[in-house]
Amino acid sequence: MKFPFDMRAAAEFDVVGFGTNAVDFLIQVSAYPEFNSKVRLDQYTQAAGGEVATTMAGLQRLGAKTAYIGRFGKDEAGEIGLRSLLDEGVDVSLSESIRGAATQIAFIIIDARNGERTVIWNRDERLGYSAEEAPISIVEKTRILHFTPHDAAACLVLAKRARSEGVIVSADIDNIFEGAEELFGYVDIFLASSDLPGKLFGPIEAKKALLAINKRFGCPIVGLTLGTSGSLIFCNGAFIESPGFDVPGGCKDTTGAGDSFRVGFLHGLLNGKSVEASCTMANAVAALKCRAIGARTALPTADELDHLISGKSST
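Each value, and the rule that gives it
- Residues numbered from 1 in each chain as written.
- Predicted model: local features only at pLDDT ≥ 70, side-chain atom pairs only at ≥ 80, totals over all residues.
- Heavy atoms only, no water.
- Helix = DSSP H or I, 4+ residues; strand = E, 2+ residues; numbered from the N terminus.
- Contact = heavy atoms within 4.5 Å.
- Phe/Tyr/Trp six-rings, centres within 6.5 Å; stacked < 30°, edge-to-face > 60°.
- Buried < 20%, exposed > 50% of the residue type's maximum accessible area, 1.4 Å probe, protein only.
- Lys NZ or Arg CZ within 6 Å of the ring centre and 35° of its normal.
- Pairing = 2+ DSSP bridges.
- Axes fitted to C-alpha atoms, helices over the stretch in contact; angles between N-to-C directions.

1. What about the environment of Ala 287?
Along the chain, Ala 287 turns up in helix α8 (residues 275-289). Considering only alpha carbons, one finds Ala 287 and Leu 196, 91 residues apart in sequence, at a separation of 21 Å. Among all residues touching Ala 287, those that are not within four sequence positions of it are Phe 245, Asp 246, Val 247, Pro 248 and Leu 308.

Take a look at the structure:
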């Protein structure tokens, strides 16, 4: 199936990301602790993360030209986050370090038995963007705009400009923020976590949820990431169910798996693949990411991605 929209043939950037970055403190334990208990940690890691920053790093590693726009605190964590993107080759010329603000951090507890994680996070309000601060000028320089709706008012300004410039709008959605529902009407690729429909509609079956999102907001592509089960996409009046892949060597950490799914999906779009092939790439990138602890540690190269897909080791 072809993607239901046209994309610019060329631009300075393939994808510009606007939104969250973070530094993660990852703690692996033998089993998730019970309430009011003590447990010895197996491993502790500090690594750069954040939904949009991770997606830009992953796309850059696969050969795309990317830029990241976001705010870091002027602190040690901010230096780690910025350096991690520069090391990948992501353009951060429009990112800022805010004096007095703390870079977003997350404490992540990982169950060693299956790699599943629990995230405890906080974002300093001073890292946010108002509508007036939206970096509008970048939109005309990209083929795809990708964001999280944390700063919904600023995202809405960018999405409206993208619509007028013929730029594809992609959103990574795992929560509902104030003003986000107006924004969703300007999104072309609406990829959400499996629990998002419940926050919008209450208890609802996955396919019915995608139909409801499509009807309510008019997004050409709506989809859910389903963990080890893969993904479910609704596009052009049809559902596309794509299975997950076995994680080579076993799953070590699911942190950032959803961000990695977006990496593979947008990589397929940029390379002229079908929606089905892009879903396969998305699930493969997510599986490869889970090989190691950290959101970006095991993001694949193009050769690693091709190798997993050609091996057809899907679950």
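Here the narrative resumes, following the displayed structure.
2. Looking at the packing of aromatic side chains
Summed over all chains, the structure comprises ten aromatic pairs. Measuring from ring centre to ring centre gives 6.4 Å for Phe 190 and Phe 217, while their planes differ by 15 degrees; the resulting arrangement is stacked. Of this pair, Phe 190 sits in strand β11 (residues 189-193) while Phe 217 sits in helix α6 (residues 206-217), placing them 27 residues apart in sequence. Assessed through its relative accessible area of 10%, Phe 217 is described here as buried. Each ring, one from Phe 261 and one from Phe 265, has its centre 6.4 Å from the other, and the planes form 10 degrees; the classification is stacked. Of this pair, Phe 261 and Phe 265 both sit in helix α7 (residues 257-270), four residues apart, which is roughly one turn of the helix. If you follow Arg 71 out to its NZ or CZ, it ends over the ring of Tyr 129, 3.9 Å from the centre. Over the ring of Phe 239 we find Lys 207; its NZ or CZ atom is 5.2 Å from the centre of that ring.

3. Describing the side chain of Ser 170
Along the polypeptide, Ser 170 turns up in strand β10 (residues 168-173). Not counting residues within four places of it along the chain, the set of residues in contact with Ser 170 comprises Ile 144, Leu 145, His 146, Phe 147, Ile 189 and Leu 266.

4. Some details on the sheet that holds strand β8 (residues 117-122)
Taking strand neighbours across the sheet as the criterion, the four strands line up as β3-β2-β7-β8 in an open arrangement whose pairing is mixed. The sheet is open, and its two edges are formed by β3 (41-49) and β8, each paired on a single side. Pairwise comparison of adjacent strand axes, ignoring direction, gives a mean angle of 15 degrees for this sheet. With seven bridges joining them, strand β2 (residues 22-29) and strand β7 (residues 105-111) adopt parallel strand pairing. Bridge pairing in β7 links Asp 24 to Ala 106.

5. Focus on the sheet that holds strand β13 (residues 231-235)
Taken together, eight strands build an open sheet; the order of strands is β4-β1-β9-β10-β11-β12-β13-β14 and the sheet is mixed. Of all strands in the sheet, those bounded by a partner on one side alone are β4 (66-69) and β14 (238-242). Within the sheet, the average angular offset between the axes of one strand and its neighbour, ignoring direction, is 15 degrees. Those strands touched by helix α3 (residues 152-165) are β1 (13-18), β9 (142-147) and β10, and its axis lies near 155 degrees from that of β9.

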